[in-house]
Protein chains: 2
Amino acid sequence: MKKKKKNENSSKIFLGHDHGACFGDAITQIEDYFIQKKLQLTPLRRKVFEILIEDHKPLGAYEVLEKLGKAGFSSSPPIAYRVLDFLIEHGFVHKVQGLNAFIACSNPKHSHFPTFVICRKCEKVAEVSEEKSGLNLPNPEITNFKIEKTTIELTGICSTCENAEIR
Amino acid sequence: MKKKKKNENSSKIFLGHDHGACFGDAITQIEDYFIQKKLQLTPLRRKVFEILIEDHKPLGAYEVLEKLGKAGFSSSPPIAYRVLDFLIEHGFVHKVQGLNAFIACSNPKHSHFPTFVICRKCEKVAEVSEEKSGLNLPNPEITNFKIEKTTIELTGICSTCENAEIR
DNA sequence: TCATTACATGTTATAACATAACACACTAAC
DNA sequence: GTTAGTGTGTTATGTTATAACATGTAATGA
Ligand SMILES: [Zn+2]
Ligand SMILES: [Zn+2]
Ligand SMILES: [Zn+2]
Ligand SMILES: [Zn+2]
């Protein structure tokens, strides 16, 4: 096999994200999913998802809310929280606990326990899939525990920022 | 070698915690650490730690605050947050992000990236050490990222609660 | 046809969590 | 005895999240 993967050298997690494609794919994926599951991708839900996928970075609920307001929707908190919770339930959005923020999933097709890698300096956030995270759960010690949800966030400094560190 | 470990069979993470010993050890450990590092284990700091280690379960900052008040300390929010932050810095307390709560470390001697296992039903929380968590980081994909801090929380249902599930 | 149900959104009010900014006391160092 | 560092106290405010209730709309099916 040994087929050379595109971007093999630039597989650093903060690079290699073709967001143009990502954006389009994501919209298509959510549309398909909602049809298949007979859910309503209402204007509000679509807008919230678009807001999050637009720059593909974590946004606070109140930031989302503000953008909703500018787009003509109500901007009272429950509006944002409800839709965000809904999108989270269906795997299109994740909450980044360390930032109290919400981010569009990078690959909703994978059912996953994603890892988020967060640079404290440039504040970039990358979602790393289960298979690639190096995470290997469950182990014997937690075999008796049924994992339903994970929060895995690695905070630190990316190589770009480290090289630029002054101190 | 093959020396049989104590509690080998009861190594389920929610069991096998001798809290009597844990409590005493923890106090001794924090005292030693503070002396060694020339830090002040003031009455306030000691009390906050005691509050957290007492029942050894996660408490919200405002719960800690209330207990501080009852013990004769000030109960304005910054008091709790400052001391909690301080204890976190020195590894004696962790924040459980998923619960907005604070918990005494189960083993401050280990420098660690702990995993928290949280039963959503009985709300028990267990801290699993790095070596035992099955976590295996960094992996090739995140080699260029310098991890400074981790948040790893596994939420689900423990075997005890699962067996008792009605639905 | 007209209740019943389910669902999506809207609104008000409030709860829960966290920090900024400043004040004061104590100690150690110079 | 002034200065700097540290620890605690206080007031006010900022940020994040939810409870409770109201309205609108569409599908179901007596
Ligand atoms: Zn994802
Ligand atoms: Zn960076
Ligand atoms: Zn710990
Ligand atoms: Zn349980």
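Just above, that's the structure.
Residues numbered from 1 in each chain as written. Chains lettered and ligands numbered in written order. Predicted model: local features only at pLDDT ≥ 70, side-chain atom pairs only at ≥ 80, totals over all residues. Heavy atoms only, no water.

Peer 1: Residue-level account of the protein's contact with DNA strand C, with values.
Peer 2: DNA strand C sits among 15 residues. The nearest are Thr 42, Arg 45 and Arg 82 of chain A together with Tyr 62 and Lys 95 of chain B. The protein-proximal atoms of DNA strand C, defined as those within 4 Å of the protein, are 49% sugar or phosphate. Thr 42 of chain A has a polar side-chain atom sitting 2.4 Å from a phosphate oxygen of DNA strand C. The side chain of Arg 82 of chain A places a nitrogen or oxygen atom 2.5 Å from a base nitrogen of DNA strand C. Those elements that place two or more of their residues in the surface near DNA strand C are α2 (43-55) and α4 (77-89) of chain A together with α4 (77-89) of chain B. (Near = heavy atom within 4 Å. Polar contact = N/O pair within 3.5 Å; in protein donor to acceptor, adjacent residues only side chain to side chain. Helix = DSSP H or I, 4+ residues; strand = E, 2+ residues; numbered from the N terminus.)

Peer 1: Run through the pattern of salt bridges, naming residues and quoting values.
Peer 2: Close approach of charged atoms lets side chains of opposite charge pair. All names here are of chain A. Taken as a whole and assessed by the stated rule, the structure comprises 8 salt bridges over all chains. Among the salt bridges present, the one from Glu 31 reaches Arg 46, with a minimum N-O distance of 2.8 Å. Of the two residues, Glu 31 is situated in helix α1 (residues 19-36) and Arg 46 in helix α2; the sequence distance between them amounts to 15 residues. You can call Glu 31 partly exposed: its relative accessible area is 27%. A residue is classified by how much of its surface remains accessible, and Arg 46, at 29% relative accessible area, is partly exposed. Taking the shortest distance from any N to any O, the salt bridge between Glu 66 and Lys 70 comes out at 3.4 Å. Linking Glu 66 with Lys 70, this pair stays in helix α3 (residues 61-70), spanning 4 residues, or about one helical turn. Given a relative accessible area of 71%, Lys 70 falls into the exposed group. (Salt bridge = Lys/Arg side-chain N within 4 Å of Asp/Glu carboxyl O. Buried < 20%, exposed > 50% of the residue type's maximum accessible area, 1.4 Å probe, protein only.)

The values are spatial; any link to function lies outside them.
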